[in-house]
Amino acid sequence: LDKQPDSLSSLVTWKQIQFTPQNRRGIVFWVLFTLWCPIYSAWNAIKFRPDRYLAFNPFYSAVLLFAKIVRPTPTVLFLRSLVFMINRVTAKSRFLCYLSDSIDRFGLYLASKVVCMTEAMRLDLIEFLGWVPKEIKILPNDLPPFQAVTAAAEIIPGKFNIITAGVLDQRK
């Protein structure tokens, strides 16, 4: 749905999903998107004949089902987070958690290779599934050793200070 990033390599073909609703919140968007995306992906699989599918969430691995039927090729699933764990702390309804978990399990089953960022993530994933994906790898997201904050004047004693990499949202 997003526009092509400026920093994307010219070796990667970027295809933006054509989908009219812009508001990505709510059940109406997700129902329509979940119905549209598999059809759109299959059409583009026929048109572009990819040699590999890449997904960054089990949901997207799952919606590639029709694409994989019309153009069988491996799917590499990179996991940046485990949605089933996020769903538990955001207090989603039991039905939505069940539905999301089922789609995630299906997407993980369809993936040819699953890539996690940490060993802990890999173990949580295996516990969630109750089985080990066909091929599961770890691509460490190592950071250099933490450097002490040099701008000590910006840290106010007695105040709540947060240092974060990524989006700081309500659930965090």
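Described in the following lines is the structure provided in the data block. Predicted model, so just to flag it, every value in this text is computed and none were measured.

**Some thoughts on a nonpolar patch on the surface**
A cluster of nonpolar side chains, contributed by Ile 27, Val 28, Val 31, Leu 32, Leu 35, Phe 95, Leu 96 and Leu 99, occupies part of the molecular surface with about 770 Å² of accessible area. For the nonpolar patch, the secondary structure elements donating two or more residues are helix H1 (27–48) and helix H5 (94–110). Here the element with the most residues in the nonpolar patch is H1; it accounts for five residues. Inspection of the secondary structure puts Leu 32 in helix H1. Judged by relative accessible area, which is 41%, Leu 32 ranks as partly exposed.

**Comments concerning the pattern of salt bridges**
Per the counting criterion, the structure on display carries three salt bridges. The salt bridge involving Glu 135 is made with Lys 113; its shortest N-O contact spans 3.6 Å. Residue Glu 135 is located in the loop between helix H6 (119–129) and strand E4 (136–138), and its partner Lys 113 is located in strand E3 (residues 113–116); the two are separated by 22 residues in the primary sequence. The exposure class assigned to Glu 135 is partly exposed, which follows from its relative accessible area of 31%. Put simply, Glu 135 and Lys 137 hold a salt bridge, and the shortest N to O gap is 3.8 Å. Each of the salt bridges in this network shares a partner with another, and the network as a whole consists of Lys 113, Glu 135 and Lys 137.

Scoring rules and cut-offs
Residues numbered from 1 in each chain as written. Predicted model: local features only at pLDDT ≥ 70, side-chain atom pairs only at ≥ 80, totals over all residues. Heavy atoms only, no water. Patch = residues over 30% accessible without salt bridge, like charges linked within 9 Å, V, L, I, M, F, W, Y side chains within 5 Å. Areas by Shrake-Rupley, 256 points an atom, 1.4 Å probe, with all protein chains shown as cover. Salt bridge = Lys/Arg side-chain N within 4 Å of Asp/Glu carboxyl O. Helix = DSSP H or I, 4+ residues; strand = E, 2+ residues; numbered from the N terminus. Buried < 20%, exposed > 50% of the residue type's maximum accessible area, 1.4 Å probe, protein only.

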